[in-house]
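Structure at a glance
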Amino acid sequence: MRSVGRSDAGPSRSRPSHVDGAAGPSGDHPSPADATLPPDLADAARALFGDRLDLAAAYAELLATDGVVRGLIGPRETPRLWDRHLLNCAAMAERIPEGASLIDVGSGAGLPGLVLAIARPDLTVTLVEPLARRTTFLIEAVERLGLTRSVRVFRGRAEEAAAGSRDREPLTADIVTARAVAPLDRLAAWCLPLAVAGGRLVALKGASAAEEIAEHAAAVARLGGGEPELHRCGVDVIDPPATVIEVVRERVIGPARKKGPKRSRGGRRRGTQGRDR
Ligand SMILES: C[S@@+](CC[C@H](N)C(=O)[O-])C[C@H]1O[C@@H](n2cnc3c(N)ncnc32)[C@H](O)[C@@H]1O
């Protein structure tokens, strides 16, 4: 069994002051967001993060420092952390119902799962990531941002999370998110088993989202998914808006059945007499 790195041990002693409601972006003191956020993105960031903007800025700072040093984010990404990463991911929040449970598959350095946990304190978030270097960063980030009550980290693959083990129930959630993890057919195979019946996969995709739907809709249906839908998020807030593909888990498909013994032309199993069932 793979190890499970949980981070739900209550508030961290090292949590930053802004979590306790120290001066926010509109307060009297300079805030972390004032220092790191490009001025032309400030309105969008305020619209998407609201009074959690300083927490988002603290996460951006972590990505730009520890995230780069540990090789989780390329140094060339730091000038575009807000527009390409934080704002895009936060825009997905409009597709997620109030109070939902959420599993983020292949979180990497926390995108989009940690961003959504920052923007939406009403969510309960599980970050699923197989690589130890990444889960170590995630666990530390969750503690430093004071998010231990709403976010936990599962080290393992999505398939393992969905399968459960002798010591652990299978993980499930209302919403399963993913960004930059796999094409839609593979994503559906990994993510739909993690959604409750009627729950949804919400995958952040790029410009080729419509082609992906055309290519993989049949595979998604075989996996128990409904018709994939394309939605634009953050319209009038970010430019361009974020594109997501959503798939509802309409049917619960069990594990692939093993092939039975070959049947003869008459419908009887080879080597059996009489009963065919
Ligand atoms: C390209 S990174 C994207 C990370 C992050 N979602 C982002 O947008 O920056 C893909 C991530 O998916 C993870 N991954 C790959 N296969 C996976 C699986 N079957 N289950 C869960 N995570 C997986 C990898 O370890 C990696 O961290």
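Residues numbered from 1 in each chain as written. Predicted model: local features only at pLDDT ≥ 70, side-chain atom pairs only at ≥ 80, totals over all residues.

Looking now at the overall build of the protein chain. When you go through the protein chain residue by residue, the secondary structure sums to nine helices and seven strands. For the protein chain, the proportion of its 277 residues judged to be buried stands at 42%. Restricting the contact set of the protein chain to residue pairs at least 6 apart, pairs at least 24 apart contribute 66%. (Helix = DSSP H or I, 4+ residues; strand = E, 2+ residues; numbered from the N terminus. Buried ≥ 20, exposed ≤ 12 C-beta atoms within 10 Å, placed from the backbone. Contact = placed C-beta atoms within 7 Å.)

Let's shift gears to helix α6 (residues 132-144). Along its 13 residues, α6 runs 18 Å from first to last C-alpha, staying within 8% of the 18 Å computed at 1.5 Å per residue. Considered for burial, the residues of α6 that qualify are Arg 134, Thr 135, Phe 137, Leu 138, Ile 139, Ala 141 and Val 142. Contacts made by the buried residues of α6 are with α3 (53-69), α5 (113-119), β2 (124-129) and β3 (151-155). At the C-terminal side of α6, Gly 146 shows a positive phi close to 70 degrees. (Expected span 1.5 Å × (residues − 1).)

Annotation from UniProt places "binding site: S-adenosyl-L-methionine" (unreviewed entry) at Gly 106, Leu 111, Ala 158, Glu 159 and Arg 179. By the element assignment, Ala 158 lies in helix α7 (residues 158-163). Taking the C-beta count within 10 Å as the criterion, Ala 158 has 28 such neighbours and is therefore assigned buried. Excluding anything up to four places from it in sequence, Ala 158 contacts Val 105, Val 128, Trp 190, Cys 191 and Leu 194. With respect to the helices and strands, Arg 179 occurs in strand β4 (residues 173-179). (UniProt positions renumbered as here; feature names shortened; annotations may be inferred.)

This paragraph deals with the nonpolar core. In this structure, Ala 56, Tyr 59, Cys 191, Leu 194 and Leu 201 are the most contacted members of the largest nonpolar core, which totals 77 residues. Tallying contributions element by element places α3 first for this core, with nine residues. Those residues in contact with Leu 194, other than ones at most four positions away along the chain, are Ile 103, Ala 158, Ala 161, Ala 162, Leu 171, Thr 172, Ala 173 and Val 176. (Core = buried A, V, L, I, M, F, W, Y, C linked by C-beta atoms within 7 Å.)

Our focus in this paragraph is the sheet that holds strand β5 (residues 195-205). Pairing is mixed in the open sheet, where seven strands are placed in the order β3-β2-β1-β4-β5-β7-β6. Each edge of the open sheet is held by one strand with a lone partner, namely β3 and β6 (229-233). On average, each strand axis in the sheet is inclined to that of its neighbour by 25 degrees, with strand direction left out of account. Bridging between β5 and strand β7 (residues 242-248) involves six bridges; their strand directions are antiparallel. Across the sheet, the residue bridging to Ala 203 is Ile 245, located in β7. Across the sheet, helix α9 (residues 209-222) lies against β5, β6 and β7, angled at about 10 degrees from β7, the strand it touches most. (Pairing = 2+ DSSP bridges. Axes fitted to C-alpha atoms, helices over the stretch in contact; angles between N-to-C directions.)

Bringing the confidence of the model for the protein chain into the picture now. For the protein chain, mean pLDDT is 85; residues scoring 70 or higher make up 79% of the total. Within the model, pLDDT remains below 50 along residues 269-277, and this stretch shows eight contacts once partners closer than five positions in the same chain are excluded. Among the scores for the predicted complex, ipTM is 0.99 and pTM is 0.84. (pLDDT = per-residue confidence, 0-100.)

Among the eleven residues in helix α4 (residues 81-91), nine count as buried, and that is most of the element. For α4, the set of buried residues is Leu 81, Trp 82, His 85, Leu 86, Leu 87, Asn 88, Cys 89, Ala 90 and Ala 91.

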